[in-house]
Amino acid sequence: DRPAMLILDTGASIPWLTAQGAKRLGVNTHSGQNLVVNQNGATHFSAPTNFTVQGETFNAEVVVLNDADFGEIDGGVSWPAIRDNILVFDPVTRTIRAVDHVPEEATHWLKLRILPDDNLHLEAMLVDGGTGWINLDTGNPSGVGLPPLSWKPWLAANGDSPFHYNRDSNNIGSDAFPTTVVWAGEISIGEIKLSNVLAESEQAENQFVGTLGLAALNRMDLVLDGKAGYAYVNPKPESFPYSPHTAPSDKAFFGISVTKDGAQV
């Protein structure tokens, strides 16, 4: 019953808290014991805990990330906790709202099936006629991530971009690996075509087509109909001027606005 600053993390399968967030919120297990975060940086799972977001209460295990620091952000709400809603992402106001019906205009956009996974994955058609998946990760501040088999030919064809820099992967829970980040004038992830967005390589799994992080999601209108299992995507190539010299993590997350006693937190 304490207000928390949470992000919507569609790349998480269960809700999570930082160690600082768990301590500040005084989250307890059902047995009444305080959560004890491992000192070696490993994650710690709690007993099922109640969360109330936008008036809706759900009960789930929570993972505490000992080595993650997001400043004032206490943690994240996972995809399974909110997938039974119709959600409209507004990249202009940087908000998400729940609606009763898919907006009429969205029914004319690109329509992709949402896969029944614990993370937000969209179905993608492969060139061989098979199906793959696209990862939509609102907890990832990056733009477009491509697997090595796609990244290498794309980089070879677009290596004249005036903006490159090298960094380690900053995905939570992943081993860091060096990657080149490139300003992409145009890039395709399955049927989704984006313009003027940061792109980089990413570790790959079978049938993985690519990841869309928050910098990429800011380049499109998006409606997620978790009830029916479909996503509606409308790329906006001319919107949201973004300097390639701006750090990708600047204002990197979609926030969930929580109202408590008439005040917005």
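## Thoughts on the overall build of the protein chain
- Along the protein chain, the regular secondary structure elements total four helices and 21 strands.
- Within the protein chain, buried positions represent 47% of all 265 residues.
- Once local pairs closer than 6 in sequence are excluded, the contacts in the protein chain between residues at least 24 apart make up 62%.
- As presented, the protein chain carries roughly 13,700 Å² of accessible surface, and 48% of it is formed by carbon and sulfur atoms.

## What about the confidence of the model for the protein chain?
- This prediction gives the protein chain a mean pLDDT of 77; 73% of its residues lie at or above 70.
- Mean pLDDT in the protein chain bottoms out at strand β20 (residues 259-260), which sits at 44, and peaks at strand β10 (residues 110-113), which reaches 97.
- Predicted confidence for residues 29-35 stays below pLDDT 50, and this span has 14 contacts to residues more than four positions away or in other chains.
- Across residues 170-175, where pLDDT falls below 50, the model places seven contacts with residues more than four positions away in sequence or in other chains.

## Quick word on the environment of E61
- Looking at where E61 falls in the secondary structure, it is placed in the loop between β5 (56-60) and β6 (63-65).
- The class for E61 is partly exposed, based on a relative accessible area of 40%.
- Residues E61 and T49 lie twelve residues apart in sequence; the distance between their C-alpha atoms is 6.0 Å.

## Comments concerning the pairing of strand β12 (residues 131-136)
- With five of six residues buried, β12 lies mostly within the body of the structure.
- As paired elements, strand β11 (residues 121-125) and β12 share five bridges and run antiparallel to each other. Looking at the pairing, H121 lines up with N135 of β12.
- Linking β11 to β12, which pair antiparallel, is a turn of five residues; within it G129 sits at a positive phi near 90 degrees.

## Considerations on the pattern of salt bridges
- Scanning the entire structure with this criterion turns up three salt bridges.
- Notably, a salt bridge pairs R24 with D74, separated by 2.6 Å at the nearest N-O pair. Of this pair, R24 sits in helix α1 (residues 19-25) while D74 is found in the loop between β6 and β7 (75-78), placing the two residues 50 residues apart along the sequence.
- Taking relative accessible area as the criterion, R24 reaches 47% and is therefore assigned partly exposed.
- Among the ionic pairs, R113 bridges to E123, the shortest N-O distance being 3.2 Å. In this pair, R113 sits in strand β10 while E123 sits in strand β11, placing the two residues ten residues apart along the sequence.
- According to the relative accessible area criterion, R113 is partly exposed, its value standing at 34%.
- With relative accessibility at 21%, the residue E123 sits in the partly exposed group.

How each quantity is defined
Residues numbered from 1 in each chain as written. Predicted model: local features only at pLDDT ≥ 70, side-chain atom pairs only at ≥ 80, totals over all residues. Heavy atoms only, no water. Helix = DSSP H or I, 4+ residues; strand = E, 2+ residues; numbered from the N terminus. Buried < 20%, exposed > 50% of the residue type's maximum accessible area, 1.4 Å probe, protein only. Contact = heavy atoms within 4.5 Å. Areas by Shrake-Rupley, 256 points an atom, 1.4 Å probe, with all protein chains shown as cover. pLDDT = per-residue confidence, 0-100. Pairing = 2+ DSSP bridges. Salt bridge = Lys/Arg side-chain N within 4 Å of Asp/Glu carboxyl O.

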